[in-house]
Amino acid sequence: MLAELHTVVGRIAANVEKVIVGKPEVVRIALVTLLAEGHLLVEDVPGVGKTSLAKALARSIDCSVSRLQFTPDLLPSDITGVSIYNRQDNDFEFRPGPIFANIVVGDEINRASPKTQSALLECMEEHQVTVDGHTYPLSAPFMVIATQNPIEMEGTYALPEAQRDRFTARVSIGYPDPQAELAMVDEHAGANPLDELRPVSDADQVLKLVHAVRRVHLSTEIRRYAVELVGATRRLPELRLGASPRSTLQLVRSARAQAALSGRDFVVPDDIHAVAVPVLAHRLVPTAEAQAARRSSADLVRNLLQRVPVPHGTPMPPGGPFPHAANPNR
């Protein structure tokens, strides 16, 4: 199954990299988030390809996709759906909103009001929507890919901590290097690569890969290391708010996905290190003194990775490195 995962994910990555040139690490985190059954926040300045990344990933998978442009006048019902009176049946019927898709692309999420942003809380955490007292499940796989511009604050509403905590990972694409930008000019000058993308996988196949990632072995030592790492953020004097227990769950899920991408069915400390910054940094709230000293949350996480003792001699799963079956709850 790991061989199939490596092949399928490689095809998806190659497809996305036709649009996002020279950013393999960003694409890696996006795929890790997908396999970890999480949601991705793409935060960066305008024009670096935030929406293109989201669209490229969505178009690489043959599944239901919807796109939401967040604006100040957007209402919660514009996301979740609304009950409409049906004269023929003499009753109300529910009309699903754009959240009822496998991949939901939310552009400029911080331009919507907090009331509208809150409509995503239940969807992202519980994979369901409650409208007028009725609960409707969302189909699997389900992933929200949201973008926001951290520079332009006029007419925006900062995401509350509860909303940021529901995003498994945050990535910043950044400016490309000169060679990558030159290649982008050459490839994008004639046509938009997004228009030429074709699906290289489908929802059923992605769901199989997600189930395979759940079976990746997580030893007691690695679990303890993840808990110690997240717990250390709550004791940092530079932070007003450390990482939540949800962060620990997301960290180990992402580490499992990272291990699977590396061709292993067991997690090692390097997998934790590979995903710690994008998974933890956006959940931390630094103090005013730390902000004045320009100590970012990402820098604090990197420092913790150097300070928290790494478990050595992590045992392999029972039966060797590739056991016949693994318990997804380990």
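It should be noted that the structure appears before, not after, this text.
Keep in mind that this is a model prediction, so the values were computed, not measured.

**Student:** Just checking my understanding: could you explain the environment of Ala189 for this structure?
**Tutor:** With respect to the helices and strands, the residue Ala189 is situated in the loop between helix H8 (178–188) and helix H9 (193–196). Assessed through its relative accessible area of 65%, Ala189 is described here as exposed. The sequence separation of Ala189 and Thr7 amounts to 182 residues, and the corresponding C-alpha distance is 30 Å.

**Student:** Whenever I open this one, the packing of helix H13 (residues 269–280) against helix H15 (residues 297–307) confuses me. Can you help?
**Tutor:** Where H13 meets H15, the axes come as close as 9 Å, and the angle between the chain directions of the two elements is 150°. By the angle between their directions, the pair H13 and H15 is classed as roughly antiparallel. Pair H13 / H15 crosses with right-handed handedness. Along the contact surface, H13 presents His273, Ala276, Val277 and Leu280, while H15 presents Ala298, Val301, Arg302 and Leu305. In terms of residue class, the contact of H13 with H15 is made up of six nonpolar, one polar and one charged.

**Student:** In this structure, what is going on with the packing of aromatic side chains? I would like to understand it.
**Tutor:** Describing an aromatic ring pair means giving the distance of the ring centres and the angle of the ring planes. Enumeration according to the criterion identifies three aromatic pairs in this entry. When the ring of Tyr85 is compared with that of Phe92, the centres are 5.3 Å apart and the planes differ by 65°; the resulting orientation is edge-to-face. Looking at Tyr85, the relative accessible area reads 40%, which means it is partly exposed. Note on Phe92: relative accessible area 55%, which makes it exposed. Plain terms: the ring middles of Phe94 and Phe100 are 5.8 Å apart, the flat faces sit at 65° to each other, and that makes the pair edge-to-face.

**Student:** How do you make sense of the nonpolar core when you look at a structure like this?
**Tutor:** Most often, soluble globular proteins keep nonpolar side chains buried together rather than apart. By size, the foremost hydrophobic cluster in this structure holds 76 residues, and its most contacted members are Leu40, Leu229 and Leu251. Of the residues forming this core, the biggest block, eight residues, is contributed by helix H2 (residues 24–35). Not counting residues within four places of it along the chain, the set of residues in contact with Leu251 comprises Ala226, Leu229, Val230, Ile272, Val275, Ala276 and Val279.

**Student:** What should I look at first to understand the pattern of salt bridges in this one?
**Tutor:** A side chain of one charge can pair with a side chain of the opposite charge when the charged atoms of the two come close. With the rule as written, the count across this model stands at 14 salt bridges. With a shortest N-O distance of 2.8 Å, Arg67 and Asp107 are connected by a salt bridge. Linking Arg67 in strand E3 (residues 65–69) with Asp107 in strand E6 (residues 103–107), this pair joins segments that are 40 residues apart in sequence. For Asp165, the salt bridge identified is with Arg283, shortest N-O distance 2.8 Å. Highlighted residues: Asp165 in the loop between helix H7 (161–164) and strand E10 (169–171) and Arg283 in the loop between H13 and strand E13 (285–286), separated in sequence by 118 residues. For the pair shown, Asp165 and Arg283 are each scored as buried. Each member of the salt-bridge network shares a partner with another, and the members are Glu125, Asp165, Arg246 and Arg283.

**Student:** Before we go on, may I ask you to explain the pairing of E3 in this structure?
**Tutor:** Successive residues of a regular strand alternate their side chains across the two faces of the sheet. Taking every second residue as pointing to the same face, the buried face of E3 carries Ser66 and Leu68, while none of Val65, Arg67 and Gln69 on the other face is buried. Both E3 and E6 contribute to a ladder of five bridges, which runs parallel. Considered in E6, the bridge of Gln69 is made with Asp107.

**Student:** Looking at this model, I keep getting lost on the pairing of E6. Mind explaining?
**Tutor:** Burial within E6 is extensive, with five of its five residues counted as buried. Burial of the side chains of E6 extends over both faces: Ile103, Val105 and Asp107 are buried on one face and Val104 and Gly106 on the other. Relative to strand E9 (residues 143–148), E6 runs parallel, the two sharing four bridges. Bridge pairing in E9 places Ile103 opposite Met143.

**Student:** Can you walk me through unusual backbone geometry in this structure?
**Tutor:** Trans peptide bonds make up most of the peptide bonds, and negative phi angles are found at most residues other than glycine. Of note, the amide linkage connecting Ala140 to Pro141 takes the cis form, showing an omega dihedral of -5°. Following the sequence through the fold, Pro141 ends up in the loop between strand E8 (134–137) and E9. Of note, Glu108 is a non-glycine position whose phi angle comes to about 55°, a positive value. Looking at the secondary structure, you find Glu108 in the loop between E6 and helix H5 (114–117). Backbone geometry at His127 places phi at a positive 55°, although glycine is not the residue there. Positionally, His127 belongs in the loop between helix H6 (119–126) and strand E7 (128–131).

Conventions used here
Residues numbered from 1 in each chain as written. Predicted model: local features only at pLDDT ≥ 70, side-chain atom pairs only at ≥ 80, totals over all residues. Heavy atoms only, no water. Helix = DSSP H or I, 4+ residues; strand = E, 2+ residues; numbered from the N terminus. Buried < 20%, exposed > 50% of the residue type's maximum accessible area, 1.4 Å probe, protein only. Axes fitted to C-alpha atoms, helices over the stretch in contact; angles between N-to-C directions. Parallel < 35°, antiparallel > 145°, perpendicular 65-115°, else oblique. Left-handed = near helix turned anticlockwise from the far one by under 90°. Contact = heavy atoms within 4.5 Å. Nonpolar A, V, L, I, M, F, W, Y, C, P; charged D, E, K, R; others polar. Phe/Tyr/Trp six-rings, centres within 6.5 Å; stacked < 30°, edge-to-face > 60°. Core = buried A, V, L, I, M, F, W, Y, C linked by side-chain atoms within 4.5 Å. Salt bridge = Lys/Arg side-chain N within 4 Å of Asp/Glu carboxyl O. Pairing = 2+ DSSP bridges.

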